[in-house]
Amino acid sequence: MSLLIVVSAAALNAKSSAQVYPSGSTVPENLLRIELRFSIPIEPPLRVENLELIDANGAEIKEPFLDLLLSSPDDKRVTILFHPGRVKTAVGPNLALGRALHAGETVTLVIDHTALTKPVRKTWQVTAFDAQSPQPALWTFEPPQLGSRSPLVLHLDKPISSSAEDLIAIRGLDRQRLAGDAHLENGETIWRFVPAQPWVAGNYAVVTHPDLEDAAGNRPYAPFEVSDTSRVSSEVGTVQPFQLSNKQNASR
């Protein structure tokens, strides 16, 4: 018995929309990565030739990116890396070419690909060099409502990389990662977590992975500019315990 699979012309010609991160209006001049998220897998694969970075006058900024785009297994996310040698101070490409971005300028990323509904444009104002590592100890949170699946909301001390979304977790009562859905918002300065099951009273913790970093490559244990981060202890992330109690819930 044969099986006939009919694929509509609309499905074959489906076009993707795209989100660009950093999603805020500003980026530091030492921006290291841009992430693209597509509504459907991109086919054929995105190439650096599909990208253009232009200044406020419409002039193309030459060779800003590493010629290596990193795709997720499902081809719905692509990471664009600025050439790290140009980003990092006082190394060969940086001395020869300088950074692609300069504080005070306005730049626009243009993505043109046949799989997109239309070319995607994202404009940023470039701010000063950022060597400040994220500081999870400074994060504050809005506790959730016990007995509900209301979100726990973390307010971060600075924007983090969109790719760090899953590098923050809630440790549950069994000391394992609590199941649920998390996403970043407000220019990657807020992390919102909705648990799979209602919250119950007990001891929890916000846990960060040591690979968590901002879009300039700064990690909690070392900024990107550190010459040899391998010498800096990075085996563990950070842990911030917190407690949800019935007494706290009743005082609301």
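Caption draft 1: Representation of the sheet that holds strand E3 (residues 33-38) in the model. Judged by pairing direction, the sheet is antiparallel, and its four strands sit side by side in the order E1-E3-E6-E5 without closing on themselves. For this open sheet the edge positions go to strand E1 (18-21) and strand E5 (70-71), each flanked by a neighbour on one side alone. Both E1 and E3 contribute to a ladder of four bridges, which runs antiparallel. When the sheet's bridge partners are listed, Val20 is paired in E3 with Leu36.

Caption draft 2: Main features of the sheet that holds strand E13 (residues 190-195). One open sheet holds the four strands; their spatial order is E9-E10-E13-E12, and the pairing between them is antiparallel. In this open sheet, the two strands that pair with only one neighbour each are strand E9 (140-142) and strand E12 (180-185). Each strand axis lies, on average, 20° off the axis of its neighbour in the sheet, ignoring direction.

Caption draft 3: Region of interest: empty space enclosed by the protein. All told, the structure shown has one cavity of 30 Å³ or more when counted by the stated rule. When its volume is computed, the largest cavity comes out at roughly 40 Å³. Glu29, Leu31, Pro64, Phe82, His83, Arg86, Val87, Arg99, Ala100 and Leu101 together form the lining of the largest cavity.

Caption draft 4: Seen up close, the layout of surface pockets. Its volume calculated, the largest pocket comes out at about 310 Å³. In this structure, the largest pocket is lined by 22 residues; those nearest its centre are Pro22, Thr26, Pro28, Pro159 and Ala215. Counting residues per element, the ones that place at least two in the lining of the largest pocket are strand E2 (26-28) and E3. Looking at the lining of the largest pocket residue by residue, the class counts come to nine nonpolar, seven polar and six charged.

Caption draft 5: How the structure looks around the nonpolar core. Counting residues in hydrophobic clusters, the biggest one holds 30 residues, and the most contacted among them are Ile34, Leu36, Leu46, Phe82, Leu109 and Ile111. Of all the elements in the fold, those that place two or more residues in this core are E3, strand E4 (51-55), strand E6 (77-81), strand E7 (106-111) and strand E8 (120-127). In contact with Leu46, other than residues within four places in its own chain, are Leu36, Phe38, Leu51, Leu69, Val78, Ile111 and His113. Counting 18 residues, the second-largest nonpolar core is a separate cluster that includes Leu154, Leu184, Tyr204 and Leu244.

Caption draft 6: The arrangement of the environment of Glu213 in detail. Looking at where Glu213 falls in the secondary structure, it is placed in the loop between strand E14 (202-208) and strand E15 (238-244). If sequence neighbours within four positions are ignored, Glu213 has contacts with Arg33, Pro134, Ile160, Ser161, Ala164, Asn218 and Arg219. Within the local environment of Glu213, its side chain forms a polar contact with the side chain of Arg33, the two groups lying 2.5 Å apart.

Caption draft 7: How the structure looks around the confidence of the model for the protein. Per-residue pLDDT for the protein averages 88, and the proportion of residues at 70 or more is 86%. Segment residues 4-12 is flagged for pLDDT under 50; beyond a separation of four residues in sequence, or across chains, it makes one contact in the model.

Caption draft 8: Inspection of unusual backbone geometry at higher detail. The omega angle of the peptide bond from Tyr21 to Pro22 is 10°, so this bond is cis rather than trans. Looking at where Pro22 falls in the secondary structure, it is placed in the loop between E1 and E2. At the junction of Glu43 and Pro44, the peptide bond is cis and its omega measures out at 0° in the coordinates. In this structure, Pro44 sits in the loop between E3 and E4. Phi is positive for Asp75, which is not a glycine, with a value near 60°. Of the residues examined, Asp75 reaches a relative accessible area of 31% and is grouped as partly exposed. Phi angles above zero are rare outside glycine, and Arg175 is one such case at about 65°.

The rules we used
Residues numbered from 1 in each chain as written. Predicted model: local features only at pLDDT ≥ 70, side-chain atom pairs only at ≥ 80, totals over all residues. Heavy atoms only, no water. Pairing = 2+ DSSP bridges. Helix = DSSP H or I, 4+ residues; strand = E, 2+ residues; numbered from the N terminus. Axes fitted to C-alpha atoms, helices over the stretch in contact; angles between N-to-C directions. 1 Å grid on protein atoms, 1.4 Å probe; cavity = no way out; pocket = protein on both sides within 12 Å on 5 of 7 lines; lining within 4 Å. Points joined across faces, edges and corners; volume = space filled by probe spheres on them. Nonpolar A, V, L, I, M, F, W, Y, C, P; charged D, E, K, R; others polar. Core = buried A, V, L, I, M, F, W, Y, C linked by side-chain atoms within 4.5 Å. Buried < 20%, exposed > 50% of the residue type's maximum accessible area, 1.4 Å probe, protein only. Contact = heavy atoms within 4.5 Å. Polar contact = N/O pair within 3.5 Å; in protein donor to acceptor, adjacent residues only side chain to side chain. pLDDT = per-residue confidence, 0-100.

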